[in-house]
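Coordinates in review
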Amino acid sequence: MAPEELRPIAQVAVEARVGSQTGLFDYAVPEALSGLIEVGHRVRVPFGKRTVTGFVYALDRGPTVLELKPIEALLDAEPVLPSPLVELAGFVAAHYLVPLDEVIRAIVPPRVRAVVKRSVKRRRQSRILRQAAEVSAPEAVVLEPAQEAARARIAIALTRHESEVFLLHGVTGSGKTEVYLALLDQVLAGGGQGLVLVPEIALTPQTVGRFAARFPGRLAVLHSALTEAERAAEWWRIRRGEADIVIGPRAAVFAPLPRLRLIAIDEEESSAFKQDRIPRYHAPTVARWLAERTRSVLVLGSATPSVATYAAALAGREHLLELPHRAQGRPLPPVTIIDMRAEIAAQHFSPLSRELQAAIGGSLTRREQSILFLNRRGLATFVLCRDCGQARECQHCSVALVYHASLGRLQCHYCGSTEPLPRVCPACGSRYIKSFGVGTERIEQEVRTLFPAARVLRLDRDVMKTPDAADLVFDQMRSGEADVLVGTQLVAKGLDLPNVTTVGVVNADTSLHFPDYRSSERTFSLLTQVAGRAGRGSAASQVFIQTYTPDHPAIRHARYHDYRGFYREERAIRAQYRFPPYAELIVATYGHRDEARAEREAKTAAEHVSATIALLNLGDIEVLGPSPAFLYRLKDEFRFEVTLKGTDLHRVADGLPRGRGWSLDVDPM
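These remarks concern the structure in this document.

How each quantity is defined
Residues numbered from 1 in each chain as written. Predicted model: local features only at pLDDT ≥ 70, side-chain atom pairs only at ≥ 80, totals over all residues. Heavy atoms only, no water. Helix = DSSP H or I, 4+ residues; strand = E, 2+ residues; numbered from the N terminus. Buried < 20%, exposed > 50% of the residue type's maximum accessible area, 1.4 Å probe, protein only. Contact = heavy atoms within 4.5 Å. Pairing = 2+ DSSP bridges. Axes fitted to C-alpha atoms, helices over the stretch in contact; angles between N-to-C directions. Expected span 1.5 Å × (residues − 1). Arc of directions from axis to C-beta. Salt bridge = Lys/Arg side-chain N within 4 Å of Asp/Glu carboxyl O.

**Observations regarding the overall build of the chain**
- Helices and strands together make up the secondary structure of the chain, namely 18 helices and 27 strands.
- C-alpha atoms of the chain, sized along the principal axes, occupy 95 × 65 × 55 Å.
- Residue burial in the chain is summarised as follows: out of 669 residues, 54% are buried.
- For the chain, long-range pairs separated by at least 24 residues make up 75% of all intrachain contacts whose partners lie at least 6 apart in sequence.

Here you go:
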């Protein structure tokens, strides 16, 4: 019997949202393209009654009897995606249970996916790109003993070209960035490339400024605030190997660096590294895989590492390096805990306590600066009828509307809808409508009222109307044109402002009582990071944390900058309730406009997953729910969650619900 004749076949991730579980489709490779097509090439293929573009994910051979449509055209002479990036896309698709085409859509900028020509005309240049191209004299920096010890240990791994992971645990102001810079010196001298990830878009310009001074003309920036043309141009610069260092937020982990040797992730614990839309990837997790594939060194820097990362370091799965003191011998600022219950008992109803007001006034007198942190936007966080007790909720989402003075309206922070402030209660007709709660606009007003001569700035998502808004605010603080900065978590991390001597956390409890296993960790991290904005210069500094729960572990340990004490308590709680790192989590959410159908579908899915677990005899995996999601109604859809908890949850991946209305969140944060 003659052997079956085989022909080349390509698996293509097509640019079409078709709801396929894998996003991959098989096509025949025509004889004219045989030997020319490689993995990562962009191609044009027939899809139904239309023609679409796609990326070649894999090449194989199959029997000629298969009726496969042929690839119509090869769109580029060389593969757009380098092989490691194609493999990385496959890892992300498999780990986060999303179709490959969704991952490629996140990896490759729109202009790169759609435009054949690599030359891109720019109508303007974003400020951050001008900053990256500036040439300035770098400061001469000599590493201190602890910094040099950390650098030397990591340098050994770089010399070996081995994939190793280091946790650089350093208190705020200990000089972690200087260690990154010194390591990049070594990497670039050896012909390699480096990737630096920062958690917040607002922090990117500051990081770019420091790195551009050290490595002029060698930086590329991948940043969502760039125009599409600029992002495409930067992407091609990186793909061609013309930039040696890439800086950006989480999506920069997909930069097509051909000679990658070092990945540095600053503030690795930040939830900003978790994408909240499909694909819901976690940049440090992706970076771990990428470092192993490219034999690169991964450095995770933080003053408050995630519990999971610190546990891995203590267990020896990662290398733990410590920077226990601030650079140049500066002390950590003293922290005062203010019990706001005592303020109310003393008939003091301002959102700023008496001690904090006195400290701000003192800084103003000495011509020093202050930062006030509150992780809530708006003037008031909800509007309430004092007769019937009903809070004004969004008509489309199950959340209270927030009053914004700048808009003169109520706004939903989830769907963006707005409505005027009601004169009477829509439920009972009462005129006793009052706004309650405190947001950043309210704090800004309070500071202006208490200190009329103070120059006050605010930084939150409402202010970030333009790509350069955050950088302009920081410039005013650096140049001394402002006295007080009020903001959300945009002001909590990364800022190095030597003239800030007073830092106030207006309400430490805002993130503490969320139904989230990481709420304590997130609160401790934020408080520690905000406190670290003080004491960067030579003047004496002070930090005030206002709270209604002064005995909570996150607040007690933040007072003394005591990460290890917090870790010990938090680890014990995680172990008791089997939360990460002692178990994995996957949350499946179903949404539908029909509330009864949403609940019914979620219940059916939970029963199906439970049956799959029983069939496979996987008793270590729990199914929780279905239960209403924390945000029960979002954009007119009712949402129910089914949660899986256990080890190696991908064993039941095939039994998880997929399709219209469903979304999966692997390793939720």
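**Focus on the pairing of strand β21 (residues 484-487)**
- In β21, alternate side chains face the same way, and those of V484 and V486 on one face and L485 and G487 on the other are all buried.
- In this structure, strand β14 (residues 369-373) lies alongside β21, joined through 4 bridges in parallel fashion. By the bridge assignment for β21, I371 is matched with L485.
- Here strand β20 (residues 456-459) runs beside β21; their pairing, made up of 4 bridges, is parallel. What sits directly across from L457, in β21, is L485.

**Overview of the sheet that holds strand β18 (residues 418-420)**
- Overall, antiparallel pairing links the 3 strands, which are arranged β16-β17-β18 in an open sheet. Because the sheet does not close on itself, it has two edges, and the strands there are β16 (402-404) and β18. Sheet twist, expressed as the average angle between the axes of neighbouring strands with direction ignored, equals 35°.
- Direction of pairing for β16 relative to strand β17 (residues 409-411): antiparallel, over a ladder of 3 bridges. Paired with V402 across the bridge in β17 is Q411.

**Some details on the sheet that holds strand β8 (residues 219-221)**
- Overall, parallel pairing links the 7 strands, which are arranged β8-β9-β7-β10-β11-β6-β12 in an open sheet. Each edge of the open sheet is held by one strand with a lone partner, namely β8 and β12 (319-323). When the angles between neighbouring strand axes are averaged without regard to direction, this sheet yields 20°.

**So, helix α5 (residues 145-160)**
- Taking 1.5 Å as the rise per residue, α5 with 16 residues should run 22 Å; its terminal C-alpha atoms sit 23 Å apart, in good agreement.
- Here α5 has its buried residues at Q147, A150, I154, A155, A157 and L158. Across the axial projection of α5, the buried residues extend over an arc of 160°, all falling on one side. For α5, the exposed residues lying more than 90 degrees away from the buried face are P145 and T159.
- Considering only its buried residues, α5 is in contact with β6 (164-170), α6 (176-189), β10 (260-266), β11 (297-302) and β12.
- One or two residues past the end of α5 sits H161, with phi positive at roughly 60°.

**Description of the pattern of salt bridges**
- Here the structure, examined in full by the defined rule, presents 42 salt bridges.
- Residue D185 pairs with R214 through a salt bridge whose shortest N-O separation is 3.3 Å. One end of the pair, D185, is in helix α6; the other, R214, is in helix α7 (residues 204-214), with 29 residues separating them in the sequence.
- A relative accessible area of 36% means that D185 is categorised as partly exposed.
- Here R214 falls in the partly exposed class, since its relative accessible area comes to 23%.
- Several salt bridges converge on common partners, so that one network encompasses R153, R160, E162 and E164.

**Side note on helix α14 (residues 469-478)**
- Within the sequence span of α14, burial applies to A469, A470, D471, V473, F474 and M477.
- Positive backbone phi, approximately 80°, marks G480, located one or two places after α14.

Fair warning: the whole summary comes from geometry, so function is off the table for now.
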